[in-house]
Amino acid sequence: MASKTNPIAFLQQVRSEASKVTWPTRRETMISTVMVLIMVFFAALFFFAADQLMGWLIGLILNVGA
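Reference entry: report on the structure contained in this document. Bear in mind that the values here come from a model prediction, so they are computed numbers and not experimental data.

Our next topic: the overall build of the protein chain. From N to C terminus, the protein chain includes 2 helices and 0 strands. Relative to the 2.2 N^0.38 estimate, which gives 11 Å for 66 residues, the radius of gyration of the protein chain is 26 Å and therefore markedly larger than a compact globule would have. Taking the principal axes of the C-alpha coordinates as reference, the protein chain spans close to 75 × 40 × 10 Å. Counting across all 66 residues of the protein chain, residues that qualify as buried make up 2%. Put simply, the protein chain shows about 6600 Å² of open surface, and 72% of that area lies on carbon and sulfur atoms.

If you want it as structure tokens, here you go:
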């Protein structure tokens, strides 16, 4: 059975743990955001190209049998 912690003690523990976190600087956050957006762009480009290629191949295969 789990031990119960009262809400005030819980909030104190949360605050204590949050103070131990090393928060990123504004510059680190901006660089990470730009990197994520660039990777999303390349992933979208890749999946678009893969979808177009597979659609073309399936169309080619289905038209052969007609």
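This is not the end of the story, as more comes after the structure.
Here we come to a nonpolar patch on the surface. Together, V34, I38, F41, F42 and L45 make up an exposed nonpolar region whose accessible area comes to about 480 Å². Its place among the elements puts F41 in helix α2 (residues 26–64). Judged by its relative accessible area of 51%, F41 falls in the exposed class.

Before going further, it helps to examine the pattern of salt bridges. The tally for this structure, following the rule as stated, stands at 1 salt bridge. Taking the shortest distance from any N to any O, the salt bridge between E17 and K20 comes out at 3.1 Å. Relative accessible area serves as the criterion here: at 47%, E17 is assigned to the partly exposed category. Its relative accessible area of 57% is what places K20 among the exposed residues.

This next bit is on the environment of F47. Secondary-structure assignment places F47 in helix α2. Relative accessible area serves as the criterion here: at 55%, F47 is assigned to the exposed category. Residues F47 and L37, 10 residues apart in the sequence, show an inter-C-alpha distance of 15 Å.

Mapping I31 onto the fold places it in helix α2. Classification of I31 by relative accessible area gives partly exposed; the value is 38%. In this structure the C-alpha to C-alpha distance between I31 and I58, which are 27 residues apart in sequence, comes to 40 Å.

Definitions and cut-offs
Residues numbered from 1 in each chain as written. Predicted model: local features only at pLDDT ≥ 70, side-chain atom pairs only at ≥ 80, totals over all residues. Heavy atoms only, no water. Helix = DSSP H or I, 4+ residues; strand = E, 2+ residues; numbered from the N terminus. Rg over C-alpha atoms; globule rule 2.2 N^0.38 Å. Buried < 20%, exposed > 50% of the residue type's maximum accessible area, 1.4 Å probe, protein only. Areas by Shrake-Rupley, 256 points an atom, 1.4 Å probe, with all protein chains shown as cover. Patch = residues over 30% accessible without salt bridge, like charges linked within 9 Å, V, L, I, M, F, W, Y side chains within 5 Å. Salt bridge = Lys/Arg side-chain N within 4 Å of Asp/Glu carboxyl O.

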